[in-house]
Amino acid sequence: MTASPSLPARTAAASTSALAPLTVRPVRGRADTAAFTALPRVLHRGDPYRLPPSRSDQRSLVDRRRNPFFEVGTAELFLARRGRRAVGRIAAAVDSRYQALHDARGGLFGLFECADDPEAASALFDAAAGWLRERGLETMLGPLGFSVHDECGVLVEGFDGPPTVMMPYNPAYYPALYAACGLAKAKDLLSWRVPAPPGGEPPGAAARAARWAANAPDVRLRHLDPCRREADLAVVRDIYTDAWSGNYASVPMTGREFSHAMDRLRPLVRPELVWFAEVGGEPAAFTFWLPDVNQALHAARDTPLGRSLGRPPGRLRAARAARRIDRARVILTGVRAAHRARGLTAALLAEAQRSAFRLGYAESEFSWLLEDNRDANRYAEAFGGVLHRRHRLYRRDLADGGGPRPAAAASSATPPTAPSTTLPTAVPAPVAPHVSGARR
């Protein structure tokens, strides 16, 4: 894993803005909202790997009328300025589902972006912490969009290329800002790069586990049916709700949240990359892969024509580049709790990997996986995966005004034990409930 490339444009901007006084205030009005949503694009303009989110997506994310999160939660946005120049932002959020399932006194934070300016970063985290503390909360976890269904985590290892679709990317100075502001590691999220195997067939142990599961007389595997797309996507939501019910920081998606997410993904979905397992005629598991459209967006940006990305010439370049996408991302895999010992994950991943190979994809990325989800990481390695990126969720204790917890801080530099690649050939070990993703 490599360090982040140097970013002279970002360094110059940070040093210039540091001459002006700092203010941090809640976002109010159109001008503040515009500055908040534009900040990622403005702040990281010189980063060769950063793919800034579209302005329309950012506006939709923070719009209380358009984002269905605000039907079940509340949030406050903060903007940091040096003089008139925006240098940072953050959101603090309260989700009643998260409190009911995980931490009754817990709040969330996210959408953090900041120049290499420790004073601004500290003031932003303090503003979010203060807003949550005023509501009687004692901890905050993040960064999340507004939940684990959105993009989440801080990239801490693997700065050697653009992110895959729906995965966050940030400069290498971010982890130091988090540590300096009293945040400690809560959980790491792992990404595995999986080269396409010869002929598209998975390696031996994975192939044996897949055959064992697929050959069960009551199991049927199929890919998404374009003629019943909406019904199949409803199955995804149903299994997703069951499979993620006990996962770290996960909350059930409302119907409108799921529809909102699917509306964004529909143009990217390829039926051959979405597979289902049925047991006794009933849906039991699925795996959901997407083409890495970020390859096309990056190709469009890195040409003179692509300087106008977001206008017709840039979109044309991206459309042409999309024909040469050679990577897919495994964003979701879910197995109903009642069927986790049947090896369905191996069978589904094997079928999707074969399909990806036939479609010309040279590799896939399994992301993100919780560092302590031993079964999911074992599958990624067994399918030929190499660990290549690590994102991190952070936690801050608000009860005493902030500061990392010693136990969490001590564990933050300790990588997880490498999982075993041995998969049984007769009776597979209990299947991981998910190969989790953002959003996701």
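All figures in this text were calculated on a predicted structure; none of them were measured in a lab.

### Let's talk about the overall build of the protein
No. 1: Secondary structure assignment for the protein yields 14 helices and 13 strands.
No. 2: The buried share of the protein, reckoned over its 440 residues, is 56%.
No. 3: Across the protein, every contact between residues at least 6 apart in sequence was considered, and the portion connecting residues at least 24 apart equals 81%.
No. 4: Counting only carbon and sulfur atoms, one obtains 54% of the accessible surface of the protein, whose full area is about 18000 Å².

### Description of the pattern of salt bridges
No. 1: Within this structure, the stated rule accounts for 34 salt bridges.
No. 2: Overlapping salt bridges, with partners in common, bring together Glu157, Lys185, Asp188, Glu371, Arg390 and Arg392 in one network.

### What about unusual backbone geometry?
No. 1: Cis peptide bonds are those with omega within 30 degrees of zero, and the linkage from Gly142 to Pro143 qualifies with 5°.
No. 2: For Pro143, the location among the structural elements is in the loop between β5 (139–142) and β6 (154–157).
No. 3: Of note, the phi angle at Met166 is positive, near 70°, even though the residue is not glycine.
No. 4: Secondary-structure assignment places Met166 in the loop between β6 and α6 (174–180).
No. 5: Of note in this structure, Ala249 is not a glycine but carries a positive phi near 65°.
No. 6: For Ala249, the location among the structural elements is in the loop between α8 (229–243) and α9 (255–265).
No. 7: Classification of Ala249 by relative accessible area gives buried; the value is 8%.

### Observations concerning the layout of surface pockets
No. 1: Taken as a whole, the second largest pocket encloses approximately 360 Å³ of empty space.
No. 2: Every residue lining the second largest pocket is counted, 15 residues in all, and those nearest its centre are Thr33, Arg59, Val62, Asp63 and Arg64.
No. 3: At the level of elements, α2 (29–43), α3 (55–62) and β2 (73–82) are the ones that each hand at least two residues to the lining of the second largest pocket.
No. 4: Sort the elements by how many residues they give to the lining of the second largest pocket and α2 lands first, with four residues.
No. 5: Among the residues making up the lining of the second largest pocket, the classes are represented as five nonpolar, two polar and eight charged.

### Let's talk about the environment of Pro271
No. 1: If you trace the backbone, Pro271 turns up in the loop between α9 and β9 (274–279).
No. 2: Between the alpha carbons of Pro271 and Ser355 there is a distance of 9.8 Å; along the sequence they are 84 residues apart.

### A closer look at empty space enclosed by the protein
No. 1: Counted by the stated rule, this structure contains five cavities of 30 Å³ or more.
No. 2: Taken as a whole, the largest cavity spans an internal volume of roughly 50 Å³.
No. 3: Forming the boundary of the largest cavity are Val194, Pro195, Ala196, Pro197, Trp289, Gln353, Ala356, Phe357, Tyr361, Glu363 and Ser364.
No. 4: Put simply, the parts of the chain that give the lining of the largest cavity at least two residues each are β7 (184–195), α12 (344–358) and β12 (363–370).
No. 5: The biggest single contributor to the lining of the largest cavity is α12, with three residues.
No. 6: In the lining of the largest cavity, the residues fall into eight nonpolar, two polar and one charged.

### What to know about helix α5 (residues 118–133)
No. 1: A rise of 1.5 Å per residue sets the reference length of α5, with its 16 residues, at 22 Å; its end C-alpha atoms lie 22 Å apart and thus fit the reference within 8%.
No. 2: Considered for burial, the residues of α5 that qualify are Ala120, Ala121, Leu124, Phe125, Ala127, Ala128, Ala129, Gly130, Trp131 and Leu132.

### Points about the pairing of β2
No. 1: Counting buried residues along β2, nine of its ten residues qualify, which places the element largely inside the surrounding structure.
No. 2: For strand β1 (residues 22–26) and β2, the ladder comprises five bridges, and the chain directions are antiparallel. Across the sheet, residue Pro26 finds its bridge partner in β2, namely Phe78.

### Remarks on the packing of aromatic side chains
No. 1: On inspection of all chains with the given rule, the structure shows 17 aromatic pairs.
No. 2: Pairing Phe366 with Phe383 gives two aromatic rings, centres 6.5 Å apart and planes at 45°, and the pair type is tilted. Here Phe366 is found in strand β12, whereas its partner Phe383 is found in the loop between α13 (374–382) and β13 (386–397), with 17 residues between them in sequence.
No. 3: Relative accessible area serves as the criterion here: at 1%, Phe366 is assigned to the buried category.
No. 4: Since its relative accessible area comes to 1%, Phe383 is described here as buried.
No. 5: Among the aromatic residues, those joined into a cluster by ring pairs are Phe109, Phe112, Phe125, Tyr173, Tyr174, Tyr178 and Tyr394.
No. 6: The ring of Phe36 carries the charged tip of Arg89 above its face, separated from the ring centre by 4.6 Å.

Cut-offs and rules
- Per chain, residue numbering runs from 1 following the sequence as it is written.
- For this predicted model, a pLDDT threshold of at least 70 governs which residues receive local features, and a threshold of 80 or more governs which side-chain atom pairs are given and counted, while totals over whole chains, interfaces and linings are taken from all residues.
- Excluded from the side-chain calculation are hydrogens and water; included are all heavy atoms of the structure.
- Helix numbering and strand numbering both begin at the N terminus, where a helix is a DSSP run of H or I of at least 4 residues and a strand a DSSP run of E of at least 2.
- For every residue, the accessible area (1.4 Å probe, protein chains only) is compared with the maximum for its type, and the residue is labelled buried under 20%, exposed over 50%, or partly exposed between those bounds.
- By definition in these notes, contact holds between two residues if any of their heavy atoms fall within 4.5 Å.
- Every accessible area reported is derived by Shrake-Rupley at a probe size of 1.4 Å, with residue values counting cover from the shown protein chains alone.
- The salt bridge criterion pairs a side-chain nitrogen of Lys or Arg with a carboxyl oxygen of Asp or Glu, the two atoms within 4 Å.
- Only protein atoms enter the calculation, which uses a 1 Å grid: trapped sets of points that fit a 1.4 Å probe without letting it out are cavities, open sets showing protein on both sides within 12 Å along at least five of seven lines are pockets, and any residue with an atom within 4 Å of a point is a lining residue.
- Grid points are joined across faces, edges and corners, and a volume is the space filled by probe spheres set on the points.
- Residues are grouped as follows: nonpolar covers Ala, Val, Leu, Ile, Met, Phe, Trp, Tyr, Cys and Pro; charged covers Asp, Glu, Lys and Arg; every other residue, Gly included, is treated as polar.
- Helix span, as expected, comes to 1.5 Å for every residue beyond the first.
- Two strands are said to pair when DSSP picks up at least two bridges between them.
- Note on aromatic contacts: the rings of Phe and Tyr and the six-membered ring of Trp form a pair at centre separations within 6.5 Å, being stacked when their planes are under 30 degrees apart, edge-to-face when over 60 apart, and tilted otherwise.
- By the criterion adopted, a ring carries a charge over it if an Arg CZ or a Lys NZ lies within 6 Å of its centre and within 35 degrees of its normal.

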